[in-house]
Amino acid sequence: MSKHSLRASVVLAALSIALASAAARQDAQEKPEAPAKATGPSMKDLSATMAKFAFMEGRWTQQQPNGAVIEEHWMAPRGNSMVGTFRRTLGNGVTPFSEVTQIMAEKDMVILRQIHVHGNFEPDPKRTDLMRLRLESMDDKSATFVPVDPPLKANAQDMASIRYERTDADTLTLTVTPNAPKDPAKPAETPLVLTMKRMP
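Now for a description of the structure that goes with this document. (Residues numbered from 1 in each chain as written. Predicted model: local features only at pLDDT ≥ 70, side-chain atom pairs only at ≥ 80, totals over all residues. Heavy atoms only, no water.)

1. A short note on the overall build of the chain
Broken down by element type, the chain carries two helices and 10 strands. Taken from the N to the C terminus, the helices and strands of the chain come in the order α-α-β-β-β-β-β-β-β-β-β-β. Counting every position in the chain, which comprises 200 residues, the buried fraction comes to 30%. Sequence-distant contacts in the chain: of pairs separated by 6 or more residues, those separated by 24 or more amount to 36%. Of the accessible surface of the chain, which amounts to about 13,100 Å², a share of 57% is contributed by carbon and sulfur atoms. (Helix = DSSP H or I, 4+ residues; strand = E, 2+ residues; numbered from the N terminus. Buried < 20%, exposed > 50% of the residue type's maximum accessible area, 1.4 Å probe, protein only. Contact = heavy atoms within 4.5 Å. Areas by Shrake-Rupley, 256 points an atom, 1.4 Å probe, with all protein chains shown as cover.)

Next comes the structure, spelled out in structure tokens:
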């Protein structure tokens, strides 16, 4: 091979390497970036959070002195939520209202949402929006919810908190605590306490 041919081959090889390198750099620049991984708790984490509410699971009832019957049924926690229903039946058989409640573990809070309807399943005009409370504290047998913070709308009807507590294997106590009166001269309202027994 002549010196001229050898020099030409070397130049062509160098040019090919340079072109390939430039193409690789362009491909790298044009290649879309991989989407960022989602931050926050996984569904496994959310499910583990909801599993702590298993103490509420079951069918619970209270016979009231005036003949009315309170019933609250809670499905087992599954995934990131659990759902409960509430019914009050008067001694004459009339159902004045019922409620559907959802507790859900979300990215930044555990939230309780509730729909309150009259006996004919029409919403109360004063409570057409969902009631929303967030989990404030809990242990292995109790959970306390308080109205959500703005900008979410709580629609909590002057409620300071709701607390569920399993006081023994067959007793679930629901305590609804009203807000303190705006007028300090007025006495504070007594919390509503429903002590419900497990239904067979």
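Having seen the structure, we can now continue with the description.
2. Section: the sheet that holds strand β3 (residues 81-89)
The strand order around the closed barrel built from 10 strands is β1-β2-β3-β4-β5-β6-β7-β8-β9-β10, with neighbouring strands paired in antiparallel fashion. On average, each strand axis in the sheet is inclined to that of its neighbour by 25°, with strand direction left out of account. When strand β9 (residues 171-178) meets strand β10 (residues 192-198), the two strands line up antiparallel, connected through six bridges. From the neighbouring strand, V176 faces β10, where its bridge partner is L192. Sheet contacts for helix α2 (residues 43-51): β3, β4 (97-105) and β5 (110-118); angle to β4, the most-contacted strand, approximately 135°. (Pairing = 2+ DSSP bridges. Axes fitted to C-alpha atoms, helices over the stretch in contact; angles between N-to-C directions.)

3. Details of unusual backbone geometry
Note: most peptide bonds trans; most residues except glycine with negative phi. The step from P150 to P151 runs through a cis peptide bond, and the omega angle for that step is 10°. At F121, a position not held by glycine, the phi torsion is positive, near 70°. Along the chain, F121 turns up in the loop between β5 and β6 (131-139). Under the relative-accessibility criterion, F121 is labelled exposed at 57%. At Q157, a position not held by glycine, the phi torsion is positive, near 55°. Relative to the assigned elements, Q157 resides in the loop between β7 (142-147) and β8 (159-168).

4. A look at the nonpolar core
Counting 31 residues, the largest nonpolar core has F53, M56, I103, F145 and Y164 as the members making the most contacts within it. Broken down by element, the residue count for this core peaks at four residues, all from β4. Ignoring sequence-local partners within four residues, the contact set of I103 consists of M50, F53, M56, W74, N80, S81, M82, V110, I111, L112 and F145. (Core = buried A, V, L, I, M, F, W, Y, C linked by side-chain atoms within 4.5 Å.)

5. Topic: the packing of aromatic side chains
Under the criterion given, the structure shown has three aromatic pairs. Centre to centre, the rings of W74 and Y164 are 5.8 Å apart; their planes meet at 90°, and the pair counts as edge-to-face. With W74 in strand β2 (residues 69-74) and Y164 in strand β8, this pair connects stretches of sequence that are 90 residues apart. For the residue pair W74 and Y164, the accessibility class agrees, reading buried in each case. Seen in terms of ring centroids, F86 and F97 are 5.8 Å apart; in terms of plane orientation they differ by 15°. Their pairing is stacked. Within this pair, whereas F86 is found in strand β3, its partner F97 is found in strand β4, the two being separated by 11 residues in sequence. One exposure class covers both F86 and F97, and it is buried. (Phe/Tyr/Trp six-rings, centres within 6.5 Å; stacked < 30°, edge-to-face > 60°.)

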